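# Observations on the model geometry
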Amino acid sequence: MTATIIDGKAFAAKVRGEVAAHVARLKEEHGITPGLAVVLVGEDPASQVYVRNKGTQTLEVGMASFEHKLPAETSEADLLALIANLNADPAVHGILVQLPLPKHLDSDLVINAIDPAKDVDGFHISNVGLLGTGQKSMVPCTPLGCLMMLRDHHGSLAGLNAVVVGRSNIVGKPMAQLLLGDSCTVTIAHSRTKDLGAVCRGADILVAAVGRPEMIPGDWVKPGATVIDVGINRIERDGKGKLVGDVDFGSAVKVAGAITPVPGGVGPMTIACLLANTLTACCRANGLPEPAGLTA
Ligand code: NDP
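In a regular helix each residue adds 1.5 Å, so 16 residues correspond to 22 Å; helix α2 (residues 45-60) covers 23 Å between its end C-alpha atoms and thus fits that length. Within α2, the full set of buried residues consists of Ser47, Val51, Lys54, Gly55, Gln57 and Thr58. In this fold, the buried residues of α2 make contact with α1 (8-30), β2 (35-41), β3 (64-70), β4 (94-97) and α10 (266-285). Once α2 finishes, Gly62 follows within two positions and takes phi at roughly 90°, a positive value.

Right, let's get into the side chain of Thr226. Counting through the fold element by element, Thr226 comes out in strand β8 (residues 226-229). Polar contacts involving the side chain of Thr226 include one to the side chain of His154, which spans 2.7 Å. With residues up to four places along the chain from it excluded, the contact list for Thr226 reads Ile6, Leu150, His153, His154, Asp204, Ile205, Leu206 and Ala258.

Before going further, it helps to spend a moment on the pairing of β4. Both faces of β4 are covered, namely the face carrying Gly94 and Leu96 and the face carrying Ile95 and Val97. Direction of pairing for β2 relative to β4: parallel, over a ladder of four bridges. Note that in β4 the partner of Ala37 across the bridge is Ile95.

This paragraph deals with the layout of surface pockets. Considering only enclosed or pocket space, the largest pocket measures out at about 1,200 Å³ in volume. Forming the walls of the largest pocket are 40 residues, and the residues nearest its centre are Tyr50, Thr142, Ile232, Gly267 and Thr270. Contributions of two or more residues to the lining of the largest pocket are made by α2, β4, α6 (141-154), β9 (233-237) and α10. Top element by residues in the lining of the largest pocket is α10. It accounts for six residues. Looking at the lining of the largest pocket, its residues break down into 22 nonpolar, 13 polar and five charged. In this structure, the lining of the largest pocket is formed jointly by two domains, domain 1 (31-127) and domain 2 (141-267), each of which donates at least three residues. Looking at the second largest pocket, its volume works out to about 400 Å³. If you trace the second largest pocket, you find 19 residues lining it, with Asp108, Phe123, Val128, Asn169 and Ile170 closest to the centre. For the lining of the second largest pocket, the elements supplying multiple residues, two or more each, are α4 (107-111), α5 (125-132) and α7 (172-181). For the lining of the second largest pocket, the element with the most residues is α5, which contributes five residues.

The rules we used
Position numbers for residues count from 1 along each chain, tracking the sequence in the order it is written. Totals for whole chains, interfaces and linings use every residue, but because this is a predicted model, local features are given only for residues with pLDDT of at least 70 and side-chain atom pairs only at 80 or more, for both listing and counting. By convention in this description, side-chain values take in all heavy atoms of the structure and omit both hydrogens and water. Starting at the N terminus, helices and strands are each numbered in turn, a helix being any DSSP run of H or I of at least four residues and a strand any DSSP run of E of at least two. Expected helix span is given by 1.5 Å per residue-to-residue step, counting one fewer step than there are residues. The cut-offs for exposure are 20% and 50% of the maximum accessible area for each residue type, with area from a 1.4 Å probe on protein chains only; residues under the lower value are buried, those over the upper are exposed, and the others partly exposed. We call two residues contacting when some pair of their heavy atoms lies within 4.5 Å. Between N or O atoms, a polar contact is any pair within 3.5 Å; within protein, one atom must be a potential hydrogen donor and the other a potential acceptor, and residues adjacent in sequence are included only when both atoms are from side chains. For two strands to be treated as a pair, DSSP must find no fewer than two bridges joining them. Method remark: on a 1 Å grid restricted to protein atoms, a set of points is classed as a cavity if a 1.4 Å probe fits but cannot get out and as a pocket if it is open with protein on both sides within 12 Å along at least five of seven lines; lining residues have an atom within 4 Å of a point. Grid points are joined across faces, edges and corners, and a volume is the space filled by probe spheres set on the points. Under the scheme applied, nonpolar residues are Ala, Val, Leu, Ile, Met, Phe, Trp, Tyr, Cys and Pro; charged residues are Asp, Glu, Lys and Arg; polar residues are all the others, including Gly. The split into domains, and so the bounds of each, comes from an automatic or database assignment of domains.

Structure follows, in structure tokens:
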């Protein structure tokens, strides 16, 4: 058996297309242009690439993009003042502060200074609490993208056994909350889990968000299971740089029913969901109906 490959690149393009169609309608019928502000502090090369991609894709779907690039030595007071301005700016519906921040800045303090209604990353403590209690919130982009792909593949997820490997605040924990919200029976595994292989083999849905190249082999995958590989790991192989996931794709693809590749799986969905969240925030701010299928 060879698994169905879940094409995140194509799915993300479809999501962006739906977002663009909604944005066009908002402009035409209401004269509203959704706006996303991205704040980058410092010169981290990976963050610069992410921010550039976000800006380009924001403009491509017809939204306004506001980029704020600040020097690495920016003070906390200056960053908080910028966030206060963006919170008050009616043209800005979504605010994203690119992480990681330089060490002298308190990330929790900065994220929690964002207006929760504009917190399109879904990291504000209010949104974390709303998600945890099953209330309407802004949902973190990567887990939202995984959920969309799972719903698309399975239809209903109710009653399925889901195992999430990784318990970070940005991926593992919100992913588990979303799966619970869709009535999966959820296990969260982490570095202290005993017999991780046996835990994974119980999964109808296996989500890997660890950050360790190819650590989940095919014989940890239940035959026919759906595998969502969140990991992005850069390795050297045969003298060349290569991106791989947390799952050993070569062995897992022979056992799984469906699997996301790396690259081209979860990765492209993250920015697509950021745009979807900005659209959702804009609709909520203007008392308009939220776009169907683009939220949790
Ligand atoms: P973190 O480092 O914050 O969390 C990793 C988690 O994996 C921790 O909970 C840790 O457990 C667990 N873990 C580590 N080693 C093991 C092990 N041997 N067995 C079981 N569990 C283990 O990572 P993130 O959640 O931020 O990211 C995870 C991966 O996803 C990374 O590769 C990252 O690059 C990628 N990523 C991809 C995104 C995308 O857009 N596709 C977006 C965000 C992340 P413990 O808590 O016990 O230490």
